[in-house]
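If you want the building blocks of each chain, they are given just below.
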Amino acid sequence: MSQAAQVKFNIPVLPLRGLVVFPKMMLHFDVGRKKSAEAIAKAMSEDQLIFLASQKDASVSDPELNDIYSVGVVCKIIQVLKQPDDITRVVVEGQYRARIISQVECESHIEAMISPIKEKKHINTARELALVRLLKETFESYMDLTPKLPADILFKIGLSTNAGELADYVAGNVVLDNNIKQSVLETIDVSDRLETLIDALQNEIYILEIEQEILDKTKDKIDQSQREYFLREQLRTIEEELGQDDSPEVEGQKLRDKINALIISEDNKNALLKECSKLEKMPYGSNEASVIRTYIDTCLELPWNQSTEEKIELSKVRKELDKNHYGLTKVKERIIEQIAVRKLTDKAKGQIICLVGPPGVGKTSIAQSIAKAINRKSERIALGGVKDEAEIRGHRRTYIGSMPGRIITAVKKCKVNNPLLILDEVDKLSNDYKGDPTSALLEVLDAEQNHSFHDHYIDMPFDLSNVMFITTANDYDAIPAPLRDRMEVIELDSYTRQEKFFIAKKHLVPKQLELNGLTKKNLKITDKALYMLIDSYTKESGVRTLERVIASVMRKSAVKIIDEVAEVIKVTDKDIENLLGPVKYIDDSKNKKDEIGVVNGLAWTSVGGTLLPIECAILPGNGKIELTGSLGEVMQESAKTAISCIRSKAQIYNLNVDFYKDFDIHIHAPEGAVPKDGPSAGITMATAIYSALSLNAVRHDFAMTGEITLLGKVLPIGGLKEKAMAAHKSGIRNVIIPKDNERDLVEIDETVRNSINFIPVSTIDEVLRIAVKPSAKLKDKHKADVIINNNKSTRKSTSVTQ
């Protein structure tokens, strides 16, 4: 049987000074009296319930039972915190009203027998509903005059439907005399309680309106000049009290002392002192004085000679890079080499590192790891979409709201003159009528010029030669040539499936467990589940989407744990679809069987390589050439070159020599909405044309890349690393490449190199001999030629529809 249901029971009593607590109300207060502390200790040792009632006279320091009101609230102690000086902070929650019946003898604290006051259940009469509406309207008027109250109080009151609880909540959250609050607490009848509270609020609103009226009248009596004089006198008095009585002369002298203390060139120092002289002659509070003051302060805040000591320990750098980045062995080695040279000689200071790779492979985070490893402060500058030269060089002070450029601002934030600045997305700079930020960066990144970088706002040379710059980009070719010439490029490849798995297991899963409040004990993700996330729910070069998908799995698992569906959740590959929905990516780009006129090509994009199937259909017609699939100008020319090449070798390949005028040739690259360009699909298109004409299928487990000439020679291409990665991800085991690209195989990831058979070729004849096989359905070659020759007269196409 609960205490609330008992008629009478004993309970510790805690008198409150200047406070009134209501049922359902959370209250925290400090306890310093010994008897009160003992009462709390007694309550905590039993059922954490205590009776709180207000003192009749707050000045009584050692109250007895007669000194407190008989009606109070039984509260549950939520939290007890020990504070210095024997102070105890208590957090309680009101439970229900109760009345003191008699005192119980106890020396250490006040204890009494109380009886719970039974309140009416949640049944609102029409009168109560009317009073509730009136109370809400009255409270809104009260809030308009007291903006300090939190806005969510009005929201909670609007949702409240219980008249008694509403009255208690409003009484507990408004500023009223304690006697009035006690009166509300002692009023048991809900209608009477609402009326009492409404009267008190309306009276308070009346007083507040009078106060506001008096304040408005007072303001009207003070004209603008008197107001300004009054405020200035107040400001001067405050400054005198704080020791900040800075007249223009005093302020100018203080700035002069700071400038003279700077270790800078005489020209720079004289320029700043000249600005100080201008400031001293300016009238107090003028706009021009404010501009000059801001300029001098900005110059003084620059780290002209403050620097951090660079600590280059190769073991520490390796450890820092391995800690936050899995794989990328060649990239790490190249960075270690660069840092080792920096330690041996100062001549390497001017070298700029440019990290080029697809999104999400860790370019920015590697730069931040380098800064941490060599004890340099770092700042990231996002250059994507920047098209104003002033963003780099700053705005001239003649403009309103002028400020330094991003370079000087970043150095100022770091507070040292040798930070590591990360220039992110340098390939996405653009330009317009406001200037070319790319040209402005030339001075910043040139070691022969940046020792005296001239920002338009600072208007003085600043030494950037000690700054270490690391730039990042997605597309190497999109970086302007003059900028490329100033940077040491380090390429980051796409992650392999295996690398993504280990990154997810060692880095992403532990990180997301911590961010989502989970542990390895209550959530486990199997290896098969991680592989399924990589293969079926992400399609990227990096791991950003993979991290978001893992976070989504953990959030849904957290819901199950909170709902007590299970204490420990094990996510397997069979659970993934239930958690994330249907599979998003199905690998359908790779052919599953040998087909006529369909060849697996390889393409390079700014976000990595991709598999690019090329389809060719031979149709009865009059020699038209159709090229579809958003092909660029170069790729269209490559297709025409491939057709002419096959036509020149038609007799050698045993093809119909008049195919170019008897049939239409349609070449298509799927995913027509995606623009494609470049010459590297030349041999792919030539192979597809030959396959469609000869009715011989192309091996589905082969892919190819290479430019073709009219004479059938295979020329080298770019982006072989990314293309090889795409073939590896698609499960292709044989890749035909130009002979001249054989030297580039060393740059390909070892895992990819070991899993793919690279076949170098020099001519289209070698390509066809390797990739094309006779059709199983047309063993009689003569019969095939007859069918092709008869196509024009019968108007029935025998070519395979792709």
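Residues numbered from 1 in each chain as written. Predicted model: local features only at pLDDT ≥ 70, side-chain atom pairs only at ≥ 80, totals over all residues. Heavy atoms only, no water.

### What about the confidence of the model for the protein chain?
Then, number 1: The pLDDT averaged across the protein chain works out to 82; a share of 90% of its residues lies at or above 70.
Then, number 2: Counted against residues more than four places away or in other chains, residues 776-802, with its pLDDT under 50, gives 33 contacts. (pLDDT = per-residue confidence, 0-100. Contact = heavy atoms within 4.5 Å.)

### A closer look at helix H1 (residues 34-45)
Then, number 1: The terminal C-alpha atoms of H1 lie 17 Å apart, and with 12 residues this matches the ideal 16 Å at 1.5 Å per residue to within 8%.
Then, number 2: Looking only at H1, the buried set comprises Ser36, Ala39, Ile40 and Ala43. Within H1, the buried residues cover an arc of 100° as seen down the axis, which keeps them to one side. Opposite its buried face, H1 presents the exposed residues Lys34 and Ser45, each directed more than 90 degrees away.
Then, number 3: The inward-facing, buried residues of H1 contact strand S1 (9-16), strand S2 (26-31), strand S3 (49-54), strand S4 (71-83) and strand S5 (87-104). (Helix = DSSP H or I, 4+ residues; strand = E, 2+ residues; numbered from the N terminus. Expected span 1.5 Å × (residues − 1). Buried < 20%, exposed > 50% of the residue type's maximum accessible area, 1.4 Å probe, protein only. Arc of directions from axis to C-beta.)

### Examining the packing of aromatic side chains
Then, number 1: In this structure the tally under the stated criterion is seven aromatic pairs.
Then, number 2: Ring geometry for Phe501 against Tyr531: centres 4.4 Å apart, planes inclined by 5°, an arrangement best described as stacked. Separated by 30 residues along the polypeptide, Phe501 in helix H18 (residues 497-515) and Tyr531 in helix H19 (residues 527-536) bring together distant segments of the chain.
Then, number 3: With relative accessibility at 17%, the residue Tyr531 sits in the buried group.
Then, number 4: What links up through ring pairs into an aromatic cluster is the set Phe501, Phe502 and Tyr531.
Then, number 5: In this structure, Arg484 is placed above the aromatic ring of Tyr476, and the distance from its NZ or CZ to the ring centre is 5.1 Å. (Phe/Tyr/Trp six-rings, centres within 6.5 Å; stacked < 30°, edge-to-face > 60°. Lys NZ or Arg CZ within 6 Å of the ring centre and 35° of its normal.)

### Section: the packing of helix H24 (residues 682-694) against helix H27 (residues 764-771)
Angle between the axes and distance between the axes are the two parameters that describe a pair of packed helices.
Then, number 1: At a minimum axis separation of 10 Å, H24 and H27 run at an interaxial angle of 60°. Here H24 is positioned oblique relative to H27, judged by the angle of their axes. Note that H24 runs across H27; the crossing there is right-handed. In this structure, H24 uses Ile683, Ala686, Thr687 and Tyr690 to contact H27, whose residues at the interface are Ile764, Val767 and Leu768.
Then, number 2: A class-by-class count of the residues in the contact of H24 with H27 yields six nonpolar, one polar and no charged. (Axes fitted to C-alpha atoms, helices over the stretch in contact; angles between N-to-C directions. Parallel < 35°, antiparallel > 145°, perpendicular 65-115°, else oblique. Left-handed = near helix turned anticlockwise from the far one by under 90°. Nonpolar A, V, L, I, M, F, W, Y, C, P; charged D, E, K, R; others polar.)

### Notes on the side chain of Ser54
Then, number 1: Mapped onto the elements of the fold, Ser54 is located in strand S3.
Then, number 2: Excluding residues that lie within four positions of it along the chain, Ser54 makes contacts with Leu16, Leu19, Val20, Ile68, Tyr69 and Gln182.

### What about a nonpolar patch on the surface?
Then, number 1: Where nonpolar side chains cluster on the molecular surface, the patch consists of Tyr206, Ile207, Ile210 and Ile214 and spans about 370 Å² of accessible area.
Then, number 2: Of note, Ile214 is situated in helix H6 (residues 190-221).
Then, number 3: Here Ile214 falls in the exposed class, since its relative accessible area comes to 51%. (Patch = residues over 30% accessible without salt bridge, like charges linked within 9 Å, V, L, I, M, F, W, Y side chains within 5 Å. Areas by Shrake-Rupley, 256 points an atom, 1.4 Å probe, with all protein chains shown as cover. Salt bridge = Lys/Arg side-chain N within 4 Å of Asp/Glu carboxyl O.)

### Notes on the environment of Ala551
Then, number 1: If you trace the backbone, Ala551 turns up in helix H20 (residues 544-562).
Then, number 2: Taking relative accessible area as the criterion, Ala551 reaches 7% and is therefore assigned buried.
Then, number 3: Along the chain, Ala551 and Gln512 lie 39 residues apart, while their C-alpha atoms are 5.9 Å from each other.
Then, number 4: Apart from residues no more than four positions distant in its own chain, Ala551 is found in contact with Gln512 and Asn516.

### Quick look at the nonpolar core
Then, number 1: One finds Ile366, Ile370, Leu533, Ile550 and Val571 to be the most contacted residues of the largest nonpolar core, which totals 52 residues.
Then, number 2: Per-element tally for this core: the top contributor is H20, with seven residues.
Then, number 3: Leaving out residues up to four positions away in the same chain, Val571 has contacts with Leu523, Lys524, Ile525, Thr526, Ala529, Val553, Ser557, Ile576 and Leu579.
Then, number 4: Within the second largest apolar cluster, 48 residues are counted, among which are Leu300, Val444, Leu445 and Ala473. (Core = buried A, V, L, I, M, F, W, Y, C linked by side-chain atoms within 4.5 Å.)

### Points about the sheet that holds strand S12 (residues 468-473)
Within a sheet, neighbouring strands are paired by backbone hydrogen bonds and run either parallel or antiparallel to one another.
Then, number 1: Taken in spatial order, the five strands of this open sheet run S8-S9-S12-S7-S13, and their pairing is parallel. What marks the edges here is a single partner per strand, and that holds for strand S8 (378-382) and strand S13 (487-491). Put simply, the sheet's adjacent strands are angled 20° from each other on average, direction ignored.
Then, number 2: The sheet strands contacting helix H12 (residues 329-344) are strand S7 (352-356), S12 and S13, and the helix crosses S13 at an angle near 150°. (Pairing = 2+ DSSP bridges.)

### Brief notes about the packing of H18 against H20
Then, number 1: Viewed as axis vectors pointing N to C, H18 and H20 meet at an angle of 50°, and their least axial separation amounts to 10 Å. Looking at the two axes, H18 sits oblique to H20. As H18 runs across H20, the sense of the crossing is right-handed. Between H18 and H20, the contacting residues are Lys500, Ala504, Leu508, Val509, Lys511, Gln512 and Leu513 on the first element and Leu546, Glu547, Ile550, Ala551 and Met554 on the second.

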